[in-house]
Amino acid sequence: MSALLVPPSRVPQPRNPGMALRTITAETYRAFLASPAGAALGAGFLQCPSWADVKEGWRAQLLGWGPDPEAGQLTGVALVLLRQFPGTRKYFAYLPEGPVADWNDPDVDDWLGPLLEHLRRAGAFAVRIGPSPAYRRWDAALLKPLTGPGRRLGDVLASEVDPLGTAVAERLRARGWRRCGGDGTGANGTGGDGDAQPRHVFQVPLAGRTPEDLWSGLNQEWRRNVRRARKEGVEVVVGSAAELPEFYRLLGITERRDGFRLGRSLAYYERQYAVLNAEEPGRMKLYLARHRGEILAAHTMITVGRRAWYQTGASADHRREVRPSNALQWRMLLDAHALGADVYDMRGVPSTLDPEERTYGLLRWKLGTGGQVVETLGEWERALGGSANHALHRAFQAYLNRR
């Protein structure tokens with residue numbers, strides 16, 4: 001991981017004299033995430049220092065703010081990825097699902113202002129962030145009977161609207177931020193198509209629930225499929241890096257079958273597995289479903305603190321009737337629960353509720369676990385002042401659209 005360093009004397013100070021912003025070491029950053037104050041902020045794996053080593057083509061900075069960042073007295077941190085705009089010495093700054101901050105703090109300018117000024121001085125012409133608060137939630141039981149032609153999530157009154165998410169969105173708009181992909185999820189809304197990370201995710205709450213509660217939360221089809229896998233002798237095990245090539249082969253089959261393309265190489269997954277587990281052993285696990293000695297499905301899970309994510313799934317085209325993917329997910333749910341996770345995040349789902357659309361099948365499958373569709377605040381972007389930076393920002397957006 002390379003770093004762009006700004007001398008501490010040049011880092012602007014916030015209005016609060018008890019607050020400072022500095023570049024920090026990976027050790028200081030990780031220690032904060034592991035502390036009670038840091039853990040309470042619920043950082044995702046995309047904001048762990050190791051993620052900088054997963055991403056090729058980006059330079060990285062680790063930033064922290066608080067009373068004394070160098071001494072580890074922090075109130076927030078950020079992994080910043082910087083991509084150079086071709087032909088210039090300027091950078092696009094990206095904080096995937098970050099920064100790791102207290103968004104309840106009404107004085108966000110105490111740290112957000114210095115963060116932006118620091119990035120501007122480091123050569124960034126624009127910045128994109130992914131605030132952590134949720135925006136809206138829909139319970140699985142609410143959505144199941146409301147599917148239909150042309151229907152989308154935005155057509156259904158949410159089970160819950162998060163007041164913090166609403167407040168953060170208003171604060172960002174007032175400061176000149178633009179929500180990538182727009183605000184709509186209805187038939188004419190973009191629904192987060194401009195986001196690099198999924199705006200709509202599916203989460204299964206685990207806190208305060210027993211394994212029996214999780215089982216009863218599955219719908220009848222899921223329970224039947226898990227039983228079928230067990231009866232057919234499907235074996236679920238935790239694999240190792242040695243099975244990543246088989247996982248990647250199955251992923252290619254899945255992409256062709258389901259009509260999507262992640263565009264990742266085997267080397268990418270091998271690097272991800274190595275660096276995440278070097279940061280914390282067991283952070284990334286590869287689960288395998290075997291039947292008659294053959295691997296039929298492979299899924300990856302990542303854990304950070306009290307959160308667990310099902311990241312990527314792959315399965316074969318044959319013997320799907322023995323339900324290896326259901327068996328995998330049930331085991332992963334139980335393992336996440338046993339690790340003390342508060343939530344099991346199954347990552348992205350489409351915003352469509354139309355059974356005739358191809359992507360609806362993914363949502364239908366995840367709804368069967370009995371969790372919730374969560375609309376995050378999505379990603380927000382803004383240029384960092386000045387006509388030159390605004391022009392570069394427009395040119396960079398056009399460049400990305402052509403790729």
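Everything below is about the structure printed above this text.
Being a predicted model, the structure only gives us computed values, none of them experimental.

Q: Sorry, what's going on with the overall build of the chain here?
A: Each helix and strand counted, the chain has 13 helices and 16 strands in total. A globule of 403 residues ought to have a C-alpha radius of gyration of about 22 Å, and the chain, at 22 Å, matches this closely. Here the C-alpha coordinates of the chain stretch approximately 65 × 45 × 45 Å along the principal axes. A buried classification covers 53% of the 403 residues belonging to the chain. Long-range pairs, those at least 24 residues apart, make up 72% of the contacts in the chain between residues at least 6 apart in sequence. Each charge class in the chain was averaged separately, 54 positive and 44 negative side chains, and the resulting centres sit 4 Å apart.

Q: I would appreciate a short explanation of the sheet that holds strand S8 (residues 178-179) in the present structure.
A: Read across the sheet, seven strands follow the order S1-S2-S3-S4-S5-S16-S8 without closing on themselves; strand pairing throughout is mixed. Whereas interior strands pair on both sides, the edge strands pair on one side only; in this sheet they are strand S1 (20-23) and S8. Pairing of strand S3 (residues 76-84) with strand S4 (residues 91-95), which is carried by four bridges, proceeds in the antiparallel orientation. Counterpart to Leu81 in the pairing with S4 is Tyr94. With respect to the sheet, helix H4 (residues 109-121) is in contact with S1, strand S2 (59-66), S3, S4, strand S5 (124-129) and strand S16 (380-383), its orientation differing from that of S2 by roughly 150 degrees.

Q: What am I meant to see in the pattern of salt bridges here?
A: Two side chains bearing opposite charge may form a pair once their charged atoms approach each other closely. One pass over the full model with this rule turns up 27 salt bridges. Residue Arg228 is joined to Glu232 by a salt bridge in which the shortest nitrogen-to-oxygen separation is 3.0 Å. Residue class for Glu232 comes out partly exposed when judged on its relative accessible area of 29%. If you follow the salt bridges from partner to partner, you end up with Glu27, Arg30, Glu279, Glu280 and Arg283 in one network.

Q: Any chance you could explain the pairing of strand S12 (residues 294-304) here in plain terms?
A: Along any regular strand, the residues point their side chains to alternate faces of the sheet. The buried fraction of S12 is high, at 10 of 11 residues. Where strand S11 (residues 284-291) and S12 come together, eight bridges link them in antiparallel fashion. What sits directly across from Leu288, in S12, is Ala298. Taking the residues between adjacent antiparallel strands as the criterion, S11 and S12 are bridged by two residues, where Arg292 takes a positive phi near 55 degrees. Where S12 and strand S13 (residues 307-315) come together, seven bridges link them in antiparallel fashion. Along S13, the bridge assignment pairs Thr303 with Ala308. Where S12 folds back on S13, the antiparallel hairpin that results is connected by two residues, among which Gly305 adopts a positive phi of roughly 60 degrees.

Q: What exactly am I supposed to notice about helix H11 (residues 324-338) here?
A: Since there are 3.6 residues in each turn of an α-helix, residues three or four apart along the chain are aligned in direction. Over its 15 residues, H11 runs 21 Å from end to end, which matches the ideal 21 Å to within 8%, given 1.5 Å per residue. For H11, the buried fraction is high: 11 of the 15 residues fall into the buried class. Pro324, Ser325, Asn326, Ala327, Leu328, Gln329, Trp330, Met332, Leu333, Asp335 and Ala336 are the residues of H11 that are buried.

Q: For this particular structure, what's the right way to read unusual backbone geometry?
A: Comment: phi is negative for the bulk of residues other than glycine, and the bulk of peptide bonds are trans. Omega for the bond connecting Gly98 with Pro99 falls within 30 degrees of zero, at 10 degrees, which places this linkage in the cis form. Structurally, the position occupied by Pro99 is in the loop between S4 and H4. Phi is positive for Glu97, close to 50 degrees, though the residue is something other than glycine. One can find Glu97 in the loop between S4 and H4. Within the chain, Arg319 stands out as a residue other than glycine whose phi angle is a positive 55 degrees. Here Arg319 is to be found in the loop between S13 and H11.

Q: Sorry if this is basic, but what is going on with the nonpolar core here?
A: Soluble, globular proteins show a tendency: their nonpolar side chains are buried together. Counting residues in each nonpolar core, the largest one holds 88 residues, and the members touching the most others are Tyr344 and Val373. If one sorts the elements of this core by residue count, S12 sits on top with seven residues. For Tyr344, the residues in contact, after removing those within four places along its chain, are Phe202, Gln203, Val204, Leu206, Met301, Ala308, Tyr310, Gln329, Met332, Leu333 and Ala336. One finds Ala93, Leu95, Ile129 and Ala169 within the second-largest nonpolar core, a separate group that totals 29 residues.

Q: Help me out: how do you make sense of the sheet that holds S12 in this one?
A: Hydrogen bonds between backbone atoms are what pair the strands of a sheet, whose relative direction is either parallel or antiparallel. Across the sheet, which stays open at both edges, the nine strands sit in the order S7-S6-S15-S9-S14-S13-S12-S11-S10 with mixed pairing between neighbours. Because the sheet does not close on itself, it has two edges, and the strands there are strand S7 (160-161) and strand S10 (235-238). Against the sheet, helix H9 (residues 244-258) makes contact with S11, S12 and S13, and its axis sits at roughly 70 degrees relative to S13, the strand it touches most. Sheet strands touched by H11: strand S9 (200-205), S10, S11, S12, S13 and strand S14 (343-348). Its angle to S12, the strand with the most contacts, is close to 25 degrees.

Q: I'm lost on the packing of aromatic side chains in this one. Help?
A: The description of two aromatic rings rests on the distance between their centres and on the angle between their planes. Summed over all chains, the structure comprises 15 aromatic pairs. When the centroid spacing of 6.3 Å and the interplanar angle of 45 degrees are considered together, the rings of Phe92 and Phe125 count as tilted. Taken together, the residues span a long stretch of sequence, with Phe92 in strand S4 and Phe125 in strand S5 at a distance of 33 residues. The pair formed by Phe92 and Phe125 is uniform in burial state, with each residue classed as buried. When the ring of Tyr248 is compared with that of Tyr269, the centres are 6.2 Å apart and the planes differ by 50 degrees; the resulting orientation is tilted. With Tyr248 in helix H9 and Tyr269 in helix H10 (residues 266-279), this pair connects stretches of sequence that are 21 residues apart.

Parameters and conventions
- Residues numbered from 1 in each chain as written.
- Predicted model: local features only at pLDDT ≥ 70, side-chain atom pairs only at ≥ 80, totals over all residues.
- Heavy atoms only, no water.
- Helix = DSSP H or I, 4+ residues; strand = E, 2+ residues; numbered from the N terminus.
- Rg over C-alpha atoms; globule rule 2.2 N^0.38 Å.
- Buried < 20%, exposed > 50% of the residue type's maximum accessible area, 1.4 Å probe, protein only.
- Contact = heavy atoms within 4.5 Å.
- Lys, Arg positive; Asp, Glu negative; His and termini not counted.
- Charge placed at Lys NZ, Arg CZ, Asp CG, Glu CD.
- Pairing = 2+ DSSP bridges.
- Axes fitted to C-alpha atoms, helices over the stretch in contact; angles between N-to-C directions.
- Salt bridge = Lys/Arg side-chain N within 4 Å of Asp/Glu carboxyl O.
- Expected span 1.5 Å × (residues − 1).
- Core = buried A, V, L, I, M, F, W, Y, C linked by side-chain atoms within 4.5 Å.
- Phe/Tyr/Trp six-rings, centres within 6.5 Å; stacked < 30°, edge-to-face > 60°.

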